[in-house]
Each structure stands twice: as C-alpha cells, then as structure tokens.
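Listed below, chain by chain, are the residues.
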Amino acid sequence: MNVDHIQRNLGRKYDPEGMVKDLKFEIPNLREWIMSRWQQAGLPQILKFNLMAQSRIIEASDVMVVHSYYAALKLLLESGHGVERMPPILVMQHPRDPSIEGHPLLPRGRKFVVGCFGWISQAKRPIPIISGFSRSLSSLPAHEREAVELKFVGELTQKSLDPSVLAQAYGCEKNCVHLGHVSDERFLREMSTVNIMFNLRFPSCGETSGTLNLAKEMGIRVAMTNYQAFKEENADFLISLAPDKEVDEICAAITAVYRDWIAGNATTSRAPSPRYALPKKFDARQALQWVLSQEAAA
C-alpha cells in the first residue's frame, strides 16, 4: 500500500517503470496482469495486502531484518524469484517500550474495561468487536452493565467506523467511549485500566503490532486474530476469522475475563506458553550486533 501511494504521487497518475522495479522478483507469472490492472486502477484490493513490493530493497540490501518468521518466509518463498543473491535475513522481536518502565498501573477494579487501541480501520475489526461486546453486555443483569465499558483510543481512518455511531447501532452506546488521538502518556494511562484488549487484524497482518506487545508487557489479557504473523505471538484468546465464529468468540473472551473480574480472580495475563517451537527472536541489541558482524564478514 505504501509503494502504491508513492508511485501514484510523483506528479503524474502513476509510474509503471517504478512499480515494475518494486515487483520484479515477486509473483512472476502474474506480473503482467498485476501491472495492467494497477495502471487501470483496477487492482483487487486484497493484493495490496499481499504484495510486499520489496524487490528494490532486496537488491540494495546486504542483510535484512524483519519482525516475524512469516515475513521472512514470505520474502524467501514469494519475493525472491530471479534474485542473484538473496541477502541473509534475521527475525527480530518487537522492541520493548522504555516508557512503561516503572509506569504506575491504575488499579483494575473500579470498572471492567474492554480496550481497542491504535488506528481504527476496517482491518482492525471494530464492527465485530462492538457486536461481540454488545452481545456479552446484553447477557448481564441490568445493574451490572453500568460498570462495563468498551474503550477505543485512536484516530479514525474513515467516518463510517466511528465507534460512537456503531455502538448506537448495536444498542451499547452508553457503555462505549471513543477518546480519539491522545498523548503518549495518556495512551499508557488509559491502557493500564484495561482488563482485556482486542488486537484483531484482517486482511492486513503481515506486521506484529506495537499495541499488542505493549499490552502484553503491561500484563493485560490480549485477544488476537489467529492469522498470519500473529500466529507467532502468544495471546490469552485466539479469535477466528470465520464469519460464523468471530463475533461468538469475541463475546466468549469478554465473558470469560468478566467472570474472573466478578469472582475476584486474577485479571492479568495468564502468560500462555508458546504454541510453536520457533527459534527465539533476537532483541534489538542482538540484531544490531548481527548486522555489524555480517558487514565485517563481507
């Protein structure tokens, strides 16, 4: 998507030569079709989430550092057709946020809070989250509902996804707040009040999310989509993408954490064990040392 934006904003409608350079090692059998559709502004939207457009980066790199094994495999298996020398690739874990060191967490107990943090886009699944929250809320006695809140913190990418409007459509507007863009300090403060955070993603999930890792560092239970790069991350709840299951599983996750909260049980993350026997990802210092060692060896 970023490369598409760059190539269409160079003072002309598009730059086909530039796009060819970005895609030349990727999906060779479909390249002509992709270029034809792209120039006609008719490229299927899903391909903007699947094409990596890293051909020029591959050629220019001595080493490559990526954030997931999914990204590394995608580069090796889908983006390396005809590459004379594929640079070595290292997988690095998401950097820790130093700003949360010693950050006082607000007591989680006055309200039961379901959180969604970061840009609010269609890919972050706000509609299924609100639907699942509304369903869980409706199962509670009336006197318990006042202490339950769904909190969105982040900018809207399109007006039609305004959580306040969506919550009204699902009948839970009194229990839903949207704080919009906030300062970093308030972002941390608001997140520290959350009992369960939803970090869902479809179709875009080539990245691992900063908010996902931040919530886990703060001991917050996390629910995430069981999809692509997120499969490498640990979470308390895995949410299906299947249309007939997604809302039910969102509702079930909220209900499970709410019951723990009501019972006075621990509401911090259960720190599940890894689901896959993947090698440990390098931290930032190790990644830098590795890059420098590759340069020295060359």
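Look a little higher up for the structure.
Everything numeric here is computed off the predicted structure, so don't read it as measured data.

> Account for the overall build of the protein, with residues named and values stated.
Across its full length, the protein carries 12 helices and 8 strands. The principal-axis extents of the C-alpha atoms in the protein amount to approximately 65 × 45 × 35 Å. Across the 298 residues of the protein, 45% fall into the buried class. Sequence-distant contacts in the protein: of pairs separated by 6 or more residues, those separated by 24 or more amount to 71%. Roughly 15,800 Å² of accessible area belongs to the protein as shown, and the carbon and sulfur atoms make up 54% of that amount. Once the 35 positive and 33 negative side-chain charges of the protein are each reduced to a mean point, those two points are 3 Å apart.

> Just give me the short version of the nonpolar core, but keep the residues and values in it.
The biggest cluster of nonpolar side chains holds 29 residues, and the ones touching the most others in it are Phe-112, Val-114, Phe-133, Leu-150, Ile-196 and Phe-198. When contributions to this core are tallied by element, the ones reaching two or more residues are strand S3 (112–117), helix H6 (126–138), strand S4 (148–153), helix H8 (163–169), strand S6 (196–199), strand S8 (237–239) and helix H11 (246–263). No other element matches the 6 residues that H11 contributes to this core. Apart from residues no more than four positions distant in its own chain, Phe-112 is found in contact with Ala-147, Val-148, Glu-149, Asn-195, Ile-196, Ile-254, Val-257, Tyr-258 and Trp-261. With 21 residues, the next largest nonpolar core counts Val-113, Val-153, Met-218 and Ala-235 among its residues.

> Lay out the side chain of Ser-131 with the relevant residues and their values.
As for its position among the elements, Ser-131 is in helix H6. Residue classification places Ser-131 among the buried residues on the basis of a relative accessible area of 13%. When sequence neighbours within four positions are dropped, the list of residues in contact with Ser-131 reads Tyr-170 and Val-247.

> Would you mind going over empty space enclosed by the protein in detail, with residue names and values included?
The final tally for this structure, using the stated rule, is 1 cavity of 30 Å³ or more. Put simply, the largest cavity is a space of about 130 Å³. Considering the residues around the largest cavity, the lining is formed by 16 residues, among which Cys-116, Phe-117, Trp-119, Lys-124 and Phe-198 are closest to the centre. When residues of the lining of the largest cavity are traced back to their parent elements, those giving at least two are S3, H6 and S6.

> Quick one: what's the story with the packing of helix H2 (residues 16–23) against helix H3 (residues 31–39), residue by residue and with numbers?
H3 packs onto H2 with a crossing angle of 145 degrees between their chain directions and a minimal axis gap of 11 Å. Viewed along their axes, H2 and H3 form a crossing whose handedness is right-handed. From H2, Pro-16, Met-19, Val-20 and Leu-23 reach across to H3, where they touch Arg-31, Ile-34, Met-35, Trp-38 and Gln-39.

> Quick rundown of the sheet that holds strand S5 (residues 176–178)? Include the residues and the values.
Backbone hydrogen bonds hold the strands of a sheet together, and the pairing may be parallel or antiparallel. Taken in spatial order, the 6 strands line up as S5-S4-S3-S6-S7-S8 in an open sheet, and their pairing is parallel. Edge positions in the sheet fall to S5 and S8, since each has one partner strand and no second. In this sheet, adjacent strand axes meet at a mean angle of 20 degrees when their direction is disregarded. Strand direction decides the pairing type here: strand S7 (residues 221–225) and S8, joined by 3 bridges, are parallel. In the strand pairing of S8, Ala-223 is matched with Phe-237. Along the sheet, H6 contacts S3, S4 and S6; its crossing angle with S4, the most-contacted strand, is approximately 170 degrees. Each of S3, S4, S6, S7 and S8 touches H11; the most contacted strand, S8, lies at about 160 degrees to it.

> Describe the pattern of salt bridges, and please don't skip the residues or the numbers.
All chains considered together, the criterion is met by 15 salt bridges. Of the charged contacts in the structure, one is a salt bridge between Lys-48 and Asp-4, with a shortest N-O distance of 3.8 Å. Of this pair, Lys-48 sits in the loop between H3 and helix H4 (55–60) while Asp-4 is found in helix H1 (residues 2–7), placing the two residues 44 residues apart along the sequence. Classification of Lys-48 by relative accessible area gives partly exposed; the value is 27%. Between Lys-216 and Glu-233 there is a salt bridge, and its shortest N-O distance comes to 2.9 Å. With Lys-216 in helix H10 (residues 210–217) and Glu-233 in the loop between S7 and S8, this pair connects stretches of sequence that are 17 residues apart. Looking at Glu-233, the relative accessible area reads 9%, which means it is buried. Connected through shared salt-bridge partners, Lys-216, Glu-232, Glu-233 and Lys-281 make up one network.

What counts as what
Residue numbering note: each chain is counted from 1, following its sequence as written. In view of the model being predicted, local features appear only for residues whose pLDDT reaches at least 70, and side-chain atom pairs are presented and counted only at 80 or more, with totals across whole chains, interfaces and linings using the full set of residues. Side-chain measures here rest on the full set of heavy atoms in the structure, leaving out hydrogens and waters. The helix count covers DSSP runs of H or I at least four residues long, the strand count covers runs of E at least two residues long, and both are numbered beginning at the N terminus. Exposure is judged per residue with a 1.4 Å probe applied to protein chains only, and the accessible area is read against the type maximum: over 50% gives exposed, under 20% gives buried, and values in between give partly exposed. By definition in these notes, contact holds between two residues if any of their heavy atoms fall within 4.5 Å. What sets the accessible areas is the Shrake-Rupley method with a 1.4 Å probe; for residues, cover comes only from the shown protein chains. When charges are counted, Lys and Arg are positive and Asp and Glu negative, with His and the chain ends excluded. Here the site of a charge means NZ on Lys, CZ on Arg, CG on Asp, or CD on Glu. Buried Ala, Val, Leu, Ile, Met, Phe, Trp, Tyr and Cys residues form a nonpolar core when they are joined through side-chain atoms within 4.5 Å. Each cavity reported here is a set of points on a 1 Å grid over the protein atoms alone in which a 1.4 Å probe fits but cannot get out, each pocket an open set with protein on both sides within 12 Å along at least five of seven lines, and each lining residue one with an atom within 4 Å of a point. Grid points are joined across faces, edges and corners, and a volume is the space filled by probe spheres set on the points. Where helices are involved, their axes are fitted lines through C-alpha atoms of the stretch in contact, as for all axes, and angles between N-to-C directions lie from 0 to 180°. Two helices that cross are described as forming a left-handed crossing if the nearer one is turned anticlockwise from the farther one by less than a right angle, and a right-handed crossing if clockwise. What makes two strands pair is DSSP finding at least two bridges between them. The salt bridge criterion pairs a side-chain nitrogen of Lys or Arg with a carboxyl oxygen of Asp or Glu, the two atoms within 4 Å.

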